[in-house]
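So you can see what is in the structure, the chains are spelled out below.
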Amino acid sequence: TGAYDVWHDRAVFHFLTDDDQRQRYVAQVLKALKPGGFAIVGTFGPEGPEKCSGLQVSRYAPSELHGIFGEPFELLASSVEQHTTPAGSPQQFVYCYCRRAPT
């Protein structure tokens, strides 16, 4: 609990397609991060794929992604990029860089 300065996730969050899963994920980030710690989350953007590895995924604009994390987190920056897979397919990713509120 409260052991980490940074939480980094690139490509897990978009596999959480149920509200309960997302709420449990955010609760785990809150539990793991020190007050004032940082969360960097990368997920599929609005124009990203609808499936990955045959699984349904969720897609987010930066404001939507930050909205799920809510007020305990301050959005410091966000970006959208086109990632090219090893097979040459483009995939839109959104990254949000947030800070957990100091206690």
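Scroll up to find the structure.
Quantities reported herein were computed from a predicted structural model and do not represent experimental measurements. (Residues numbered from 1 in each chain as written. Predicted model: local features only at pLDDT ≥ 70, side-chain atom pairs only at ≥ 80, totals over all residues. Heavy atoms only, no water.)

## Concerning the environment of Lys34
Argument step 1. Its place among the elements puts Lys34 in strand E2 (residues 33–44).
Argument step 2. For the pair Lys34 and Cys98, spaced 64 residues apart in sequence, the C-alpha separation works out to 13 Å.
Argument step 3. Those residues in contact with Lys34, other than ones at most four positions away along the chain, are Gly2, Ala3, Tyr4, Asp5 and Arg100. (Helix = DSSP H or I, 4+ residues; strand = E, 2+ residues; numbered from the N terminus. Contact = heavy atoms within 4.5 Å.)

## Observations concerning the nonpolar core
Argument step 1. In terms of nonpolar packing, the biggest core is built from 15 residues, with Phe13, Tyr25, Val29, Val41, Leu65, Phe69 and Phe73 touching the most fellow members.
Argument step 2. Counting residues per element, the ones that place at least two in this core are helix H1 (19–32), E2, helix H2 (62–69) and strand E6 (90–100).
Argument step 3. Contacts of Phe13, omitting those with residues within four sequence positions, involve Arg22, Tyr25, Val41, Thr43, Tyr60, Leu65, Ile68 and Phe69.
Argument step 4. Counting residues in each nonpolar core, the second largest holds five residues, with Phe44, Cys52, Phe93 and Tyr95 among its members. (Core = buried A, V, L, I, M, F, W, Y, C linked by side-chain atoms within 4.5 Å. Buried < 20%, exposed > 50% of the residue type's maximum accessible area, 1.4 Å probe, protein only.)

## Here's the deal with the sheet that holds strand E5 (residues 73–84)
Argument step 1. Read from one edge of the open sheet, four strands run E1-E2-E6-E5, paired in mixed fashion. The sheet is open, and its two borders are formed by strand E1 (4–10) and E5, each paired with just one other strand. Strand after strand, the sheet turns through a mean of 10 degrees between neighbouring axes, direction not considered.
Argument step 2. Those strands touched by H1 are E1, E2, E5 and E6, and its axis lies near 145 degrees from that of E2. (Pairing = 2+ DSSP bridges. Axes fitted to C-alpha atoms, helices over the stretch in contact; angles between N-to-C directions.)

All quantities given are derived from atomic positions and should not be read as evidence of function.
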